[in-house]
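Structural characterization, general
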Amino acid sequence: MSATYKVVVAGCGGMSNIWIDTAIERKDTEIVALVDIKQEFAEKMREKKGLSCPTFTDLAEAIQQTGANLVFDVTIPASHHRIASTAMQLGCNIFGEKPLAETAEECKDLIRIAEETGKSHAVMQNRRFDPRIRALRHLLDSGTIGKPGFVNADFFLGPHFGGFRETMASPLLLDMAIHTFDQARLILGADPVSVYCHEFNPPGSWYEGAAAAVCIFEMSDGSVFNYRGSWCAEGANTSWEADWRITGEKGTAIWNGHDAPFAEVIAPEPQEGKFIKSFERVEADSVVYNAHSERTGHPGCLDEMFLSLEENRRAETDSRDNQYSMAMVNAALESARTGQKVTIADFIRR
């Protein structure tokens with residue numbers, strides 16, 4: 001039986017492994033080409049995965065020679081606009097690694113191309129596909145803590161990647177903070193309105209660019225989202241999913257990124273005259289985080305991307321939605337550059 005999805009994988013570095021493995025296991029999907037600027041990387045990946053497809057250094061050539069209809073973009077951020085625009089203009093849908101693109105103008109242009117070509121463009125935001133963050137969202141949606149007013153996320157890790165990240169001007173904001181910003185939108189069910197950001201490079205950092213930042217976002221639901229992050233923090237690390245505190249009218253929700261989320265809410269007992277009120281703990285319900293897949297992370301997100309094509313609808317992480325998360329990144333970068341509070345609407349394609 002001929003495969004429904006004929007995939008070209010662009011970028012054959014370490015991150016491509018999970019993308020390729022997910023495609024290989026699907027009966028309706030065939031990898032028809034591997035592309036990398038260094039052909040030997042593509043050839044090495046072909047051998048590693050036991051594939052028989054051709055390898056290329058040029059995406060357009062790969063698409064035209066193989067009749068591909070879907071591209072996986074697993075390249076570095078600076079290449080995302082070129083890869084995605086080429087794929088869509090040559091008739092392919094595209095699933096891409098975050099970020100959507102490297103600049104606000106490139107993001108807007110990719111959305112324009114998606115609308116003009118009618119092609120799907122979905123972005124990997126794997127942290128949405130975690131049962132714990134869905135449980136946290138459900139905890140807020142159920143009114144457990146009342147209307148949220150203040151959301152805080154701490155992200156402190158010290159990964160020694162080497163490579164392109166250590167030479168980027170803004171490695172934390174441009175390459176990593178997109179995850180936490182997108183998580184905040186999911187948790188709150190709200191979009192960003194404005195941001196003030198201070199970006200810096202702390203003592204001891206092994207990055208050339210700014211590896212730490214503090215951001216204050218005003219959100220469309222009236223809440224304030226505060227992000228504190230460092231990618232050169234040695235010791236006492238948070239999880240990769242960040243450490244969350246959400247305060248509301250009736251209590252506070254907590255998720256450390258490792259364990260199940262919970263809330264402490266005002267206890268249903270007489271509280272008059274108390275300087276500090278009494279509270280009770282509420283455990284988050286175990287909820288279905290993805291109605292169409294039992295898998296988490298990258299595979300769960302890819303399952304949703306494929307299903308969106310089958311159902312002829314936008315994926316949850318479609319570029320037209322993901323642009324709001326990416327706008328948080330680009331607006332934060334602009335705020336850090338100017339030292340001013342920045343309105344986020346300017347970074348959104350309407």
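See the structure above.
All values derive from a computational prediction rather than experimental measurement.

With respect to the nonpolar core
Residues Val-8, Val-71, Phe-181, Cys-215, Phe-217, Phe-225 and Trp-244 are the most contacted members of the largest nonpolar core, which totals 81 residues. Among the elements that make up this core, the one with the highest residue count is helix 7 (residues 171-188) (11 residues). If near-sequence neighbours (up to four positions away) are discounted, Cys-215 is found in contact with Leu-173, Phe-181, Val-195, Tyr-196, Cys-197, Phe-225, Asn-226, Tyr-227 and Ala-332. One finds Val-9, Ala-23, Phe-95 and Ala-315 within the second-largest nonpolar core, a separate group that totals 25 residues.

Side note on the pattern of salt bridges
Summed over all chains, the structure comprises 29 salt bridges. Note that Arg-313 is salt-bridged to Glu-304, the shortest N-O span being 2.9 Å. Given a relative accessible area of 30%, Arg-313 falls into the partly exposed group. The network of salt bridges with common partners includes Arg-128, Arg-134, Asp-182, Arg-185, Asp-191, Glu-316 and Asp-321.

Things to note about the sheet that holds strand 11 (residues 243-248)
What the nine strands build is an open sheet, ordered 14-13-12-11-7-10-9-8-15; its pairing is mixed. Of all strands in the sheet, those with a lone pairing partner are strand 14 (279-283) and strand 15 (342-343), marking the two edges. Bridge count between strand 12 (residues 251-255) and strand 13 (residues 262-266): four bridges; the pairing is antiparallel. Residue pairing for strand 13: Thr-252 is matched across the bridge by Glu-264. Of the strands in this sheet, strand 7 (148-156), strand 8 (192-200), strand 9 (212-219), strand 10 (224-230), strand 11 and strand 12 touch helix 7, which is tilted by about 150° from strand 10.

A short note on the side chain of Asn-226
Along the chain, Asn-226 turns up in strand 10. A polar atom in the side chain of Asn-226 sits 2.8 Å from the side chain of Asn-152. Here Asn-226 is in contact with Phe-150, Val-151, Asn-152, Ala-153, Val-214, Cys-215 and Ile-216, once residues within four sequence places are set aside.

Some remarks on a nonpolar patch on the surface
A grouping of Ile-266, Phe-275, Ile-276 and Phe-279 is seen on the molecular surface, where their side chains present a nonpolar patch of about 480 Å² in accessible area. Its place among the elements puts Phe-279 in strand 14.

Focus: the packing of aromatic side chains
What describes a pair of aromatic rings is the distance from one ring centre to the other and the angle between the planes of the rings. Under the defined criterion, the tally for this structure stands at 14 aromatic pairs. Ring centres 6.2 Å apart and planes at 5° place the aromatic pair Tyr-207 and Trp-231 in the stacked group. Of the two residues, Tyr-207 is situated in the loop between strand 8 and strand 9 and Trp-231 in the loop between strand 10 and strand 11; the sequence distance between them amounts to 24 residues. The residues Tyr-207 and Trp-231 share a single accessibility class, namely buried. Cluster of aromatic residues (ring-pair linked, three or more members): Tyr-5, Trp-19, Phe-72, Phe-95 and Phe-306. Sitting above the plane of the Phe-129 ring, Arg-134 keeps its charged end 5.3 Å from the centroid. Geometry around Phe-161 places Arg-165 over its ring, the cationic atom sitting 4.3 Å from the centre.

With respect to the side chain of Ser-223
Locating Ser-223 in the fold gives a position in the loop between strand 9 and strand 10. Of the residues examined, Ser-223 reaches a relative accessible area of 1% and is grouped as buried. Here Asp-221 takes part through its side chain, which lies 2.6 Å from a polar atom of the side chain of Ser-223. Here Ser-223 is in contact with Pro-148, Gly-149, Leu-188, Phe-217 and Glu-218, once residues within four sequence places are set aside.

Digging into the environment of Thr-22
Relative to the helices and strands, Thr-22 is located in helix 1 (residues 16-25). Placed 278 residues apart in sequence, Thr-22 and Gly-300 show a C-alpha to C-alpha distance of 9.8 Å. In this view, Thr-22 contacts Arg-295, Pro-299 and Leu-302; residues no more than four positions away in its chain are not counted.

Thoughts on the packing of helix 5 (residues 104-117) against helix 9 (residues 319-338)
Taken N-terminus to C-terminus, the directions of helix 5 and helix 9 make an angle of 175°; their axes are 10 Å apart at the nearest point. In terms of axis orientation, helix 5 runs roughly antiparallel to helix 9. Only Ser-319, Arg-320, Gln-323, Met-326 and Asn-330 of helix 9 make contact with helix 5, whose side of the interface consists of Ala-104, Cys-107, Ile-111 and Glu-115. Along the lines of polarity and charge, the residues of the contact of helix 5 with helix 9 split into four nonpolar, three polar and two charged.

Each value, and the rule that gives it
Residues numbered from 1 in each chain as written. Predicted model: local features only at pLDDT ≥ 70, side-chain atom pairs only at ≥ 80, totals over all residues. Heavy atoms only, no water. Core = buried A, V, L, I, M, F, W, Y, C linked by side-chain atoms within 4.5 Å. Buried < 20%, exposed > 50% of the residue type's maximum accessible area, 1.4 Å probe, protein only. Helix = DSSP H or I, 4+ residues; strand = E, 2+ residues; numbered from the N terminus. Contact = heavy atoms within 4.5 Å. Salt bridge = Lys/Arg side-chain N within 4 Å of Asp/Glu carboxyl O. Pairing = 2+ DSSP bridges. Axes fitted to C-alpha atoms, helices over the stretch in contact; angles between N-to-C directions. Polar contact = N/O pair within 3.5 Å; in protein donor to acceptor, adjacent residues only side chain to side chain. Patch = residues over 30% accessible without salt bridge, like charges linked within 9 Å, V, L, I, M, F, W, Y side chains within 5 Å. Areas by Shrake-Rupley, 256 points an atom, 1.4 Å probe, with all protein chains shown as cover. Phe/Tyr/Trp six-rings, centres within 6.5 Å; stacked < 30°, edge-to-face > 60°. Lys NZ or Arg CZ within 6 Å of the ring centre and 35° of its normal. Parallel < 35°, antiparallel > 145°, perpendicular 65-115°, else oblique. Nonpolar A, V, L, I, M, F, W, Y, C, P; charged D, E, K, R; others polar.

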